[in-house]
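Fold and contact review
Chain residues, written in single-letter form:
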Amino acid sequence: MVQPINISWSKTKRNVEQIISKYIYYCLSVDNGSTSNIKDNFILEKLEYTPITNAYITLNSETRKARIEFINYFRFSFNKLTTDERKIIYWTYLDKENNYDDRYIANNLGFSLGYYYIKKKETLIRFSYSLGVEETQK
């Protein structure tokens, strides 16, 4: 029998939320697309590096490449999740245009609010494993 891993929920959640926040800011600095325009399958597409000739942008090319690499790492990890899990992460953290609340998300997924909270916690734990930032209790 496989023993469950003793996850530190608060540390793991904080790690995931910090990475999501970093992703949002990096997208603002290097991605010309909008994260609000996601397809029905909730898959985030890989971001390609393109040189910029705009004189107002002060990021050097190495910094831009590193940020794009981080964005693609995030998107690869996000795309490994199930469709419902991607919807939970997207509607809760990434869609800044529509301020969805937990009731809306639960209803849209066909979940009761109580089940939604359980599923949201599982989703954040699975996403932390996908990102490689889970924390165990010592």
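Because the structure is a prediction, the values reported are computed rather than measured.

A look at the overall build of the protein
Along the backbone of the protein there are 5 helices and 0 strands. With the C-alpha coordinates aligned to their principal axes, the bounding extent of the protein is approximately 55 × 35 × 20 Å. Per-residue burial over the protein gives 36% buried out of 138 residues. Contacts spanning at least 24 positions in sequence make up 74% of the contacts within the protein whose residues lie at least 6 apart. Per element, the accessible surface of the protein, about 8900 Å² overall, is 49% carbon and sulfur.

A word on the packing of helix H1 (residues 9-30) against helix H3 (residues 83-94)
At their nearest, the axes of H1 and H3 sit 11 Å apart, and the two run at 70° to each other. Our classification of the angle between H1 and H3 gives roughly perpendicular. Crossing geometry of H1 relative to H3 is assigned as right-handed. Across from Lys-13, Glu-17, Ile-20, Tyr-23 and Ile-24 in H1, the residues of H3 making contact are Ile-89, Tyr-93 and Leu-94.

Description of the nonpolar core
Within the largest apolar cluster, 32 residues are counted, with the highest numbers of intra-cluster contacts made by Ile-20, Tyr-23, Phe-74, Phe-78, Ile-89, Leu-94 and Phe-127. In terms of residue count, the dominant contributor to this core is H1 (7 residues). With near-sequence residues (within four places) excluded, Phe-78 lies in contact with Phe-42, Leu-44, Arg-86, Ile-89, Tyr-90, Leu-94 and Phe-127.

As for the packing of aromatic side chains
For the structure on display, the rule yields 13 aromatic pairs. Seen in terms of ring centroids, Phe-74 and Phe-78 are 6.4 Å apart; in terms of plane orientation they differ by 10°. Their pairing is stacked. Of this pair, Phe-74 and Phe-78 are both found in helix H2 (residues 61-79), 4 residues apart, which corresponds to roughly one turn of the helix. Taking the relative accessible area as the measure of exposure, Phe-74 reaches 0% and is therefore buried. Between Tyr-100 and Tyr-104, the aromatic rings sit 4.5 Å apart at their centres with planes inclined by 10°, giving stacked as the arrangement. The exposure class assigned to Tyr-100 is partly exposed, which follows from its relative accessible area of 23%. Look at Tyr-104 and you get partly exposed, because its relative accessible area is 34%. A cation over a ring is seen here: Lys-22 above Phe-70, with NZ or CZ 4.6 Å from the ring centre.

Here's the deal with the pattern of salt bridges
Here the structure, examined in full by the defined rule, presents 3 salt bridges. Here Arg-126 and Glu-85 are joined by a salt bridge, their closest N and O atoms 2.6 Å apart. One end of the pair, Arg-126, is in helix H5 (residues 113-131); the other, Glu-85, is in helix H3, with 41 residues separating them in the sequence. Judged by relative accessible area, which is 40%, Arg-126 ranks as partly exposed. Between Asp-102 and Lys-120 there is a salt bridge, and its shortest N-O distance comes to 3.7 Å.

Calculation notes
Sequence order sets the numbering: in each chain, residues are counted from 1 along the sequence as written. Predicted model: local features are reported for residues with pLDDT of at least 70 only, side-chain atom pairs are reported and counted for 80 or more only, and whole-chain, interface and lining totals are derived from all residues. With hydrogens and water excluded, all non-hydrogen atoms of the structure serve as input to the side-chain values. Every helix listed is a DSSP run of H or I at least four residues long, and every strand listed is a run of E at least two residues long, numbered separately from the N terminus. Each residue's exposure class comes from its accessible area (1.4 Å probe, protein chains only) as a fraction of the maximum for that residue type: buried when under 20%, exposed when over 50%, partly exposed otherwise. Any two residues whose heavy atoms approach within 4.5 Å at even a single point are treated as in contact. Computed with a 1.4 Å probe, the accessible areas rest on the Shrake-Rupley method; for each residue, only the protein chains presented here act as cover. Lines fitted to C-alpha atoms define the axes here, with helix axes fitted over just the stretch in contact, and angles between the N-to-C directions of these axes take values from 0 to 180 degrees. Working rule for angles: under 35 degrees goes down as roughly parallel, over 145 as roughly antiparallel, 65 to 115 as roughly perpendicular, anything else as oblique. Two helices crossing with the near one rotated counterclockwise from the far one by less than a right angle form a left-handed crossing, whereas a clockwise rotation gives a right-handed crossing. Here, the term nonpolar core denotes a set of buried Ala, Val, Leu, Ile, Met, Phe, Trp, Tyr and Cys residues that are joined through side-chain atoms within 4.5 Å. Note on aromatic pairs: the rings of Phe, Tyr and Trp (six-membered ring only in Trp) are paired at centre separations within 6.5 Å, and the planes decide the class, stacked below 30 degrees, edge-to-face beyond 60, tilted for the rest. Charge-over-ring placement is defined geometrically: NZ (Lys) or CZ (Arg) within 6 Å of the ring centre, and within 35 degrees of the ring normal. Salt bridges are identified by distance alone: a Lys or Arg side-chain nitrogen within 4 Å of an Asp or Glu carboxyl oxygen.

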